[in-house]
Amino acid sequence: MDGQPTYPAGPAAGQFMTRTPSGLFPSGPPRRPTWREPHPVTGSGVAAGGALAAAWLVLFGLLGRDVPGYAWWTVVAGVLAWLAALALVRYGDRGVAAGVAIVTAGGWSIAFALVAMRWATSADWPMW
């Protein structure tokens, strides 16, 4: 032997061999940066959007004097609210937009239920 270690050299006493991680369990920060959105969806944002949309629908619903008036004002208020939600999705807070969309859909459902109930009891379509 000419003093050269044999290949591959084994670990010295008390040392462990290092292994390349498989990637199944991350062992450190990612190699590239992660993207974080400027306005993440939060529960408080969804609740705020829902509360504002509910107040909006109530204010417009109070303008109607009867079931057809209430239904038409609710449809108009809902369309305006959804346009605002689309703008919020694109340029603002998506959580608020989700709250607006959810409550608006609920308001439309209530208006439809009232129209259907009136139609069922009077046998006359109340919207025209």
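Quick caveat: nothing in here was measured; it's all calculated off a predicted structure.

This part covers the packing of helix α1 (residues 43–61) against helix α2 (residues 67–91). Packing of α1 against α2 brings their axes to within 8 Å, and their N-to-C directions diverge by 145 degrees. Seen along the crossing, α1 lies across α2 with a hand that is right-handed. On α2, the residues touching Trp56, Leu57, Phe60 and Gly61 of α1 are Tyr70, Trp73, Thr74, Val76, Ala77, Gly78, Leu80 and Ala81. Considering only residue class, the contact of α1 with α2 consists of nine nonpolar, three polar and no charged.

This part covers a nonpolar patch on the surface. Taken together, the side chains of Trp56, Leu63, Trp72, Trp73, Val75, Val76, Val79, Leu80, Leu83, Leu86 and Trp128 present a nonpolar region at the surface, about 1100 Å² in accessible area. Here the nonpolar patch gets eight residues from one element, more than from any other, and that element is α2.

Of note, threonine 104 is situated in helix α3 (residues 94–122). Judged by relative accessible area, threonine 104 falls into the buried class, the value being 0%. From its side chain, threonine 104 meets the backbone oxygen of valine 100 in a polar contact 2.6 Å long. Setting aside chain neighbours within four positions, we find threonine 104 in contact with Ala53, Leu57, Gly78, Ala81 and Trp82.

Below, the discussion takes up the packing of aromatic side chains. Per the stated rule, a full pass over the model turns up six aromatic pairs. Both rings, one in tryptophan 82 and one in tryptophan 108, keep their centres 5.3 Å apart while their planes meet at 35 degrees; by these two values the pair is tilted. One end of the pair, tryptophan 82, is in helix α2; the other, tryptophan 108, is in helix α3, and 26 residues separate them in sequence. A residue is classified by how much of its surface remains accessible, and tryptophan 82, at 38% relative accessible area, is partly exposed. The partly exposed category is assigned to tryptophan 108, whose relative accessible area is 27%. Each ring, one from tryptophan 119 and one from tryptophan 125, has its centre 4.8 Å from the other, and the planes form 80 degrees; the classification is edge-to-face. The class of tryptophan 125 is partly exposed, set by a relative accessible area of 29%. An aromatic cluster is built from Trp72, Trp119, Trp125 and Trp128, whose rings are joined through pairwise contacts.

With six residues, the main nonpolar core is built from Ala53, Ala81, Ala85, Val96, Ala97 and Val100. If we skip the residues at most four places from it in the chain, alanine 85 touches Ala97 and Val100.

Rules and cut-offs
Residues numbered from 1 in each chain as written. Predicted model: local features only at pLDDT ≥ 70, side-chain atom pairs only at ≥ 80, totals over all residues. Heavy atoms only, no water. Axes fitted to C-alpha atoms, helices over the stretch in contact; angles between N-to-C directions. Helix = DSSP H or I, 4+ residues; strand = E, 2+ residues; numbered from the N terminus. Left-handed = near helix turned anticlockwise from the far one by under 90°. Contact = heavy atoms within 4.5 Å. Nonpolar A, V, L, I, M, F, W, Y, C, P; charged D, E, K, R; others polar. Patch = residues over 30% accessible without salt bridge, like charges linked within 9 Å, V, L, I, M, F, W, Y side chains within 5 Å. Areas by Shrake-Rupley, 256 points an atom, 1.4 Å probe, with all protein chains shown as cover. Salt bridge = Lys/Arg side-chain N within 4 Å of Asp/Glu carboxyl O. Buried < 20%, exposed > 50% of the residue type's maximum accessible area, 1.4 Å probe, protein only. Polar contact = N/O pair within 3.5 Å; in protein donor to acceptor, adjacent residues only side chain to side chain. Phe/Tyr/Trp six-rings, centres within 6.5 Å; stacked < 30°, edge-to-face > 60°. Core = buried A, V, L, I, M, F, W, Y, C linked by side-chain atoms within 4.5 Å.

None of this, on its own, says anything about what the molecule does.
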